[in-house]
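Coordinate analysis (summary)
For reference, the chains in residue letters:
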Amino acid sequence: MIQLKGIAAASGISIGPVYKLGPEEFMVVSSAITWEDIPLQIQLFEEALIKTRREIIDLQKRISSDMGQEEAQIFDAHLLVLEDRMLIEEVISRLKKEQVNVAYIFSEVLKKYISVFSKIEDEYLKERIADINDVGKRILRNLLGREKKSLADLKGRAVIVAHDLSPSDTVALYKRNVAAFVTDIGGKTSHTAIMAKSLEIPAVVGLEGITAKVASGDILIVDGTTGVVIINPDEGTLKNYEQELIKLKGTTDIFLSAKDLPAVTIDGRTVLINSNIEFPDEVPSAKLHGTEGIGLYRTEFFYMNRKDSPTEEEHYQAYKYVAQEMNGHSVVIRTLDLGGDKFLSQFKIPQEMQPFLGWRAIRFCLARPDIFKLQLRAILRASAHGNLKLMYPMISGIEELWQANKLLNEAKDELRQKGLDFNDKIEVGVMIEVPSAAMTADILAKEADFFSIGTNDLIQYSLAVDRGNEKVAYLYEPAHPAVLRLIKNVIDSAHQAKIKVAMCGEMAGEPSLALILLGLGLDEFSMPPQVIPELKYIIRSVEFKAAQEIARKALEFSTGTEIEEFARNKLAEILK
Ligand code: PEP
Ligand code: MG
């Protein structure tokens, strides 16, 4: 039995056999063929292409019905690789010239393509390498008559162990098959971890070397709440965790009792509990968990894993759907936040030394009013169908807010000219995720309708810690006094200007910090849906006065560790 500790990324405990996902290398041996064998070899190649095509379409259908059309579109790029005439013709001409088996020729052509593409400094082409690699290996497997190792084909519930998981791997994590996932790299708020939370799969990331330590079939206990992973547990440990699972189920049931009740403290302060979503089809699950609104709709996922950009009509339909599904409850649509760890192949963004400090989010949108206004028009049009609000990511000062609002007014004029309906009074919020915005919250509050604190970025920028880097993850402390002081400043400035403050970073869904945030005066909490019942239960168990006192005391400590411990003890006392 080996016990390891990684970064707790998505809570819950799972026990299951390891399913290792890795870059599968194929050793293809070359064997000479005769001229007469060539037609048969070409036929084998064509059959492998057809079989691969069928596999991808089947997979696409399954993903489309399980998770939605957008996730299934990831595979459109794979289908395009299959139709690449240049690749096909090169294989056939080399086959005729070199007279060796087609599997070998194909593997050589594949390697050449990957090597040529890897040398080109272009994000779009870099993403194509992953597609070519993925499809290429499928074709080879079919040529060699091998079985495809695929997440979608998983039998039973397994623990996925991988070096890293791409967003397309993560969306393919079928809930029925995946017990948990563990990766070598990554941080708590990397967007793969955020996706795991949406899928409600316990996850531990940044567990360096885990792929080298386990083999397929080993039994793993994954505790996504503490970050502990145990390889091949002994019987006693297994029993303890099984007991823990039963206990966890018991507490979950207690929390669930609060899911449809308002988040109101014993002495009558009500806060809103909302959900973060990445795709429109997450709305039903958010409602099931008792959400009161959508506090953050991360729209950039709409652009991901597709070759083209969504049209205004596609944006409009998606936003309208969410607005209508939420039936009058508020839906905050965040405008395109690309860059950082989210790159989109449609837009040619130069590689930067510091992507998180570079051409990101609102900076990109202000430089590309064509892309930005298309999205703004769609949000405005959808605002005629429900309670929609919009907010800008990564605002660092008032001038960016002015520029964004100027484009918003232009978008409104364009709609007026076309006679299209929209809510002229749509609320416009500012995400507070850059320290300069937090420090000038009083200035921003005069012109914003609301704030939403994006702690995932605010923490990384104020503590100078890359949110996706496991090596510095120990420094990523939501309860750091600097972070709490910034949050307090934002809330106080907003309340002075009589506007509301939400929080949509992962910190808002941390049960241990809920009392401090409540006590600081946060008005709305937005989080992955599955934490909603627990948060509501906590808020309903405390007096606002007591939470204010807890927040006041928390600010007197010198370190994040002390604050965390203090907050955890207070929570335990209250839930006793
Ligand atoms: C944040 O930064 O806290 C946030 C909610 O935005 P994202 O995680 O998408 O950067
Ligand atoms: Mg952010």
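Predicted model only: the values in this text are computed from it and were never measured.

1. Considering the overall build of the protein
When helices and strands are counted, the protein shows 23 helices and 17 strands. Taking 576 residues into account, the globule formula puts the C-alpha radius of gyration at 25 Å, and the protein, at 25 Å, falls close to it. The principal-axis extent of the C-alpha atoms belonging to the protein is close to 85 × 70 × 40 Å. For the protein, with 576 residues in total, the buried portion stands at 56%. The long-range share in the protein, meaning contacts at least 24 apart out of those at least 6 apart in sequence, stands at 69%. When the accessible area of the protein is evaluated, it comes to approximately 24400 Å², of which 54% is carbon and sulfur surface. Of note, the protein has its 69 positive side-chain charges centred 1 Å away from the centre of its 83 negative side-chain charges.

2. Some remarks on the coordination of the magnesium ion (ligand 2)
The magnesium ion (ligand 2) binds to the protein through Glu433 (OE) and Asp457 (OD), with metal-donor distances spanning 2.0 to 2.2 Å. With a gap of 24 residues between them, Glu433 in the loop between strand S14 (427-432) and helix H16 (435-439) and Asp457 in helix H18 (residues 455-463) connect regions that are remote in the sequence. Side by side, Glu433 and Asp457 carry an identical accessibility label, which is buried.

3. Here we look at the packing of aromatic side chains
Overall, the coordinates contain seven aromatic pairs when judged by the stated rule. Aromatic side chains Phe279 and Phe301 sit 5.9 Å apart centroid to centroid with 70 degrees between the ring planes, which places their arrangement in the edge-to-face category. In this pair, Phe279 is assigned in the loop between strand S10 (270-277) and helix H11 (283-288) and Phe301 in the loop between strand S11 (294-298) and helix H12 (312-325), connecting sequence segments 22 residues apart. You'll find Phe279 and Phe301 in the same group, each marked buried. Plain terms: the ring middles of Trp359 and Phe364 are 5.0 Å apart, the flat faces sit at 70 degrees to each other, and that makes the pair edge-to-face. Under the relative-accessibility criterion, Phe364 is labelled buried at 1%. Seen from the ring of Tyr316, Arg381 lies directly overhead, with NZ or CZ sitting 4.1 Å from the centre. Over the ring of Phe450 we find Lys389, and its NZ or CZ is 5.8 Å from the ring centre.

4. Some details on the sheet that holds strand S2 (residues 7-10)
Taken in spatial order, the eight strands line up as S1-S8-S7-S3-S4-S5-S6-S2 in an open sheet, and their pairing is mixed. With one partner strand each, in any of the chains shown, strand S1 (2-5) and S2 form the two edges of the open sheet. The sheet shows a mean angle of 30 degrees between the axes of neighbouring strands, direction not considered. Sheet analysis places strand S5 (residues 178-183) next to strand S6 (residues 203-205), joined by two bridges and oriented parallel. Bridged to Phe181 within S6 is Ala203. Relative to the sheet, helix H10 (residues 235-256) contacts strand S3 (13-21), strand S7 (219-223) and strand S8 (228-231), its axis offset from that of S3 by approximately 120 degrees.

5. So, the nonpolar core
If you look at the biggest cluster of nonpolar residues, it comprises 99 residues, and the most contacted ones within it are Tyr319, Tyr392, Phe451, Ile516 and Phe525. Core analysis: the next-biggest nonpolar cluster, separate from the first, contains 55 residues, Ile38, Leu49, Val100 and Ala103 among them.

6. Comments concerning the site of ligand 1
Taken together, 16 residues sit near ligand 1, with Arg298, Arg334, Gly454, Asn456 and Arg467 positioned nearest. At 2.9 Å from an oxygen atom of ligand 1 is found a side-chain nitrogen or oxygen belonging to Glu433. Asp457 places a polar side-chain atom, nitrogen or oxygen, 3.0 Å from an oxygen atom of ligand 1. Notes on ligand 1: free accessible area 290 Å², of which the protein chains cover 99%. Elements with a contribution of two residues or more to the shell around ligand 1: S11 and H18.

7. Focus: the packing of helix H14 (residues 369-382) against helix H15 (residues 398-418)
The interhelical angle for the contact between H14 and H15, taken along N-to-C directions, is 60 degrees, at an axis separation of 9 Å. It follows from the interaxial angle that H14 and H15 lie oblique. Regarding H14 and H15, the two cross each other, and that crossing is right-handed. On H15, the residues touching Pro369, Phe372, Lys373, Leu376, Arg377, Leu380 and Arg381 of H14 are Ala404, Leu407, Leu408, Glu410, Ala411, Lys412, Glu414 and Leu415.

8. Re the pattern of salt bridges
If you walk through the whole model with that rule in mind, you get 38 salt bridges. The salt bridge partner of Arg368 is Asp370, with a shortest N-O separation of 2.8 Å. By relative accessible area, Arg368 is classed as partly exposed at 30%. Taking the relative accessible area as the measure of exposure, Asp370 reaches 46% and is therefore partly exposed. A cluster of three or more residues bridged by salt bridges with shared partners is formed by Glu312, Glu313, Lys373, Arg377, Arg381, Lys406, Glu410 and Glu414.

Basis of the calculations
Residues numbered from 1 in each chain as written. Chains lettered and ligands numbered in written order. Predicted model: local features only at pLDDT ≥ 70, side-chain atom pairs only at ≥ 80, totals over all residues. Heavy atoms only, no water. Helix = DSSP H or I, 4+ residues; strand = E, 2+ residues; numbered from the N terminus. Rg over C-alpha atoms; globule rule 2.2 N^0.38 Å. Buried < 20%, exposed > 50% of the residue type's maximum accessible area, 1.4 Å probe, protein only. Contact = heavy atoms within 4.5 Å. Areas by Shrake-Rupley, 256 points an atom, 1.4 Å probe, with all protein chains shown as cover. Lys, Arg positive; Asp, Glu negative; His and termini not counted. Charge placed at Lys NZ, Arg CZ, Asp CG, Glu CD. Donors = N, O, S within 2.8 Å, 3.2 Å for Na, K, Ca; no water. Phe/Tyr/Trp six-rings, centres within 6.5 Å; stacked < 30°, edge-to-face > 60°. Lys NZ or Arg CZ within 6 Å of the ring centre and 35° of its normal. Pairing = 2+ DSSP bridges. Axes fitted to C-alpha atoms, helices over the stretch in contact; angles between N-to-C directions. Core = buried A, V, L, I, M, F, W, Y, C linked by side-chain atoms within 4.5 Å. Near = heavy atom within 4 Å. Polar contact = N/O pair within 3.5 Å; in protein donor to acceptor, adjacent residues only side chain to side chain. Parallel < 35°, antiparallel > 145°, perpendicular 65-115°, else oblique. Left-handed = near helix turned anticlockwise from the far one by under 90°. Salt bridge = Lys/Arg side-chain N within 4 Å of Asp/Glu carboxyl O.

Everything listed is a geometric property; what it means functionally is a separate question.
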